[in-house]
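Breakdown of the fold
Residue-level listing of the chains:
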Amino acid sequence: MNATRVIGEVVGLSEQVVSDAWIEYRVRSLIHLGQLSYEGDLQSMCMYKIKDIK
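This section reports on the structure supplied with the text. Every residue gets a number counted from 1 within its own chain, in the order that chain's sequence is written. Only residues with pLDDT of 70 or above have their local features reported here, since the model is predicted, and side-chain atom pairs are shown and tallied only from 80 upward, although totals for entire chains, interfaces and linings are computed over all residues. The basis for the side-chain values is all heavy atoms of the structure; hydrogens and waters are excluded.

1. Thoughts on the packing of helix 1 (residues 3-13) against helix 2 (residues 20-32)
- Orientation of helix 1 relative to helix 2, taken along the N-to-C sense of each, is 125°, at an axis distance of 10 Å. When the axes of helix 1 and helix 2 are compared, the pair comes out oblique. Judged by the sense of rotation from one axis to the other, the crossing of helix 1 with helix 2 is right-handed. Seen from helix 1, the contacting residues are I7, V10 and V11; seen from helix 2, they are D20, I23, E24 and V27.
- Residues are sorted three ways: Asp, Glu, Lys and Arg are charged, Ala, Val, Leu, Ile, Met, Phe, Trp, Tyr, Cys and Pro are nonpolar, and all the rest, Gly among them, are polar. Counted by class, the contact of helix 1 with helix 2 contains 5 nonpolar, no polar and 2 charged residues. For helices, the fitted line uses only the C-alpha atoms of the stretch in contact; every axis is such a line through C-alpha atoms, and the angle between N-to-C directions lies from 0 to 180 degrees. Starting at the N terminus, helices and strands are each numbered in turn, a helix being any DSSP run of H or I of at least four residues and a strand any DSSP run of E of at least two. Roughly parallel covers angles under 35 degrees, roughly antiparallel covers those over 145, roughly perpendicular covers 65 to 115, and oblique covers all other angles. Take the far helix as the reference: if the near one is turned anticlockwise from it by less than a right angle, the crossing is left-handed, and if turned clockwise, right-handed. Contacts: residue pairs with any heavy atoms within 4.5 Å of one another.

Structure below.
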């Protein structure tokens with residue numbers, strides 16, 4: 001899925017005020033921990049797609 005879409009859905013579903021920058025930080029952290037895989041360039045959230053590692 002496009003990272004922009006995932007981050008937008010999380011922000012939209014959150015009952016608390018959560019910034020998209022913080023959600024992107026967490027997505028990148030999960031990528032670096034090896035819990036998510038990605039395809040593309042991590043410079044901008046619209047330039048990469050993420051996928052759950054099963």
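What follows picks up the thread again.
2. Quick word on helix 2
- What a helix should span is 1.5 Å times the count of its residues minus one. Spanning 13 residues, helix 2 covers 18 Å between terminal C-alpha atoms, matching the ideal 18 Å at 1.5 Å per step.
- Only protein chains enter the accessibility calculation, which uses a 1.4 Å probe. A residue is then buried if its area is under 20% of the maximum for its type, exposed if over 50%, and partly exposed in between. Of the residues making up helix 2, those classed as buried are I23, E24, V27, S29 and I31.
- Buried residues belonging to helix 2 abut helix 1, strand 1 (36-40) and strand 2 (48-52).
- Within two residues after helix 2, G34 carries a phi angle of roughly 85°, on the positive side.

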